[in-house]
Each structure stands twice: as structure tokens, then as C-alpha cells.
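# Chains, contacts and geometry: an overview
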Amino acid sequence: MEARIARLESDVAHLCTDVADIKIDVRSLRDGIDRLDAKFEAKLGSLDSKFERKLDEGFARVDARFDKMDERFVRMDERFVRMDERFSKVETSIASAQLKAMLLYAALAAAMLGTMARGFQWI
């Protein structure tokens with residue numbers, strides 16, 4: 001029985017040393033993982049800041065382009081207002097020309113009737 005107990009004690013001692021070695025290995029793995037995690041977090045933080053900076057630059061460019069387009073639309077709106085003014089002037093001149101043409105047609109008809117009346121000796 002003593003031999004069995006001695007053998008069990010030696011096996012337990014080997015188990016304890018193996019467990020201690022496993023603990024050391026696990027600690028070294030944990031330290032390595034922590035270092036990798038720190039590196040990953042640092043890289044991720046730098047990538048995040050770069051992404052935010054690029055995104056802000058992109059938004060600034062888009063905003064600048066929209067501002068330019070707004071300016072163009074304002075200028076186009078001003079042009080349309082000027083064109084509307086021109087068209088209204090053209091419309092009034094056309095209306096005036098139509099009135100003059102109608103008066104000229106009436107005068108021509110009166111002159112022709114007068115000439116016909118004189119030629120047929122109605123007058």
C-alpha cells in the first residue's frame with residue numbers, strides 16, 4: 001500500500017508541475033493576446049480617426065459642391081426673372097403691333113371702300 005501511495009504522490013507531483021507549466025503557458029498566451037489586443041485597438045483607433053477625417057473631407061467637398069449648385073440655381077433664377085421681364089416686354093410690343101395692324105387694316109379697308117365708292121360714283 002505504501003508503494004501505491006508513493007506512486008500516487010509522485011503522479012500528483014507530476015500533475016502539479018504540469019498544471020504549473022500549463023498556468024505559465026496560459027499566462028504567456030494571455031499576455032500575448034493582451035499585447036495583440038492593444039496593437040489592434042491602436043490600429044483600429046488610427047483607422048477610425050483616418051476614416052472620420054476622410055469622411056469629414058468628403059462631406060465638406062459635397063457641401064461645397066451643393067453650395068456652388070445653389071449659387072448657380074440662384075443665378076439661373078435671376079436669369080429667368082430677367083427673361084420673364086423681356087418676354088413681358090415682347091408680349092406688350094406684340095400686343096401693340098397687333099393693335100396697330102388692326103388699325104392699319106381698318107384704314108386700308110376704308111381707303112379701298114372710299115376708292116371703290118369714288119370709282120363707281122357712289123359719292
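Let me sum up the structure you'll find in this document. (Residues numbered from 1 in each chain as written. Predicted model: local features only at pLDDT ≥ 70, side-chain atom pairs only at ≥ 80, totals over all residues. Heavy atoms only, no water.)

## Some thoughts on the overall build of the protein
Rules: Counting from the N terminus, the helices are DSSP H or I runs at least four residues long and the strands are E runs at least two residues long. In this treatment the radius of gyration is a C-alpha quantity, and the globule benchmark scales as 2.2 Å times the residue count to the 0.38 power. Any residue under 20% of the maximum accessible area for its type is buried, any over 50% is exposed, and the rest in between are partly exposed; the area is computed with a 1.4 Å probe on protein chains only. Per-residue and other accessible areas follow the Shrake-Rupley method at a 1.4 Å probe size, with only the shown protein chains counted as cover for residues. For this count, His and the chain ends are skipped, Lys and Arg are scored as positive, and Asp and Glu as negative. Every charge is mapped to an atom, namely NZ of Lys, CZ of Arg, CG of Asp or CD of Glu.
The number of helices and strands found in the protein is one helix and zero strands. Taken against the 2.2 N^0.38 rule, which gives 14 Å for 123 residues, the C-alpha radius of gyration of the protein at 51 Å runs more than 25% over that of a compact globule. Expressed along its principal axes, the backbone C-alpha trace of the protein runs to roughly 170 × 30 × 10 Å. The buried share of the protein, reckoned over its 123 residues, is 2%. Roughly 11,800 Å² of accessible area belongs to the protein as shown, and the carbon and sulfur atoms make up 64% of that amount. Where the 22 positive side-chain charges of the protein centre and where its 23 negative ones centre are 12 Å apart.

## What about a nonpolar patch on the surface?
Filter applied, for reference: A patch is a set of surface residues, each over 30% in relative accessible area and not in a salt bridge, joined within 9 Å for like charges and within 5 Å for the nonpolar side chains Val, Leu, Ile, Met, Phe, Trp and Tyr. Salt bridge, as used here: a side-chain nitrogen of Lys or Arg that lies within 4 Å of a carboxyl oxygen of Asp or Glu.
A contiguous nonpolar surface patch, about 780 Å² in accessible area, is contributed by Val62, Phe66, Met69, Phe73, Met76, Phe80, Met83 and Phe87. Inspection of the secondary structure puts Met83 in helix 1 (residues 2-119). Given a relative accessible area of 36%, Met83 falls into the partly exposed group.

## Brief notes about a negative patch on the surface
Together, Asp31, Asp34, Asp37 and Glu41 give the surface a local cluster of negative charge. Along the chain, Glu41 falls in helix 1.

## Quick notes on the environment of Lys89
As for its placement among the helices and strands, Lys89 is situated in helix 1. Lys89 gets classed as exposed once you look at its relative accessible area, which sits at 61%. Put simply, Lys89 and Phe59 are 30 residues apart on the chain and 45 Å apart in space, counted from C-alpha to C-alpha.

## Some details on the environment of Gln121
Its place among the elements puts Gln121 in the segment after helix 1. For the pair Gln121 and Leu36, spaced 85 residues apart in sequence, the C-alpha to C-alpha distance is 122 Å.

## Some points on helix 1
Worth spelling out the cut-off: Given a helix with a known number of residues, its expected span is that number minus one, times 1.5 Å.
Taking 1.5 Å per residue, 118 residues should reach 176 Å; helix 1 reaches 165 Å between its end C-alpha atoms and fits that length. Taken from the residues just after helix 1, Gln121 is the one with a positive phi, measuring 55 degrees.

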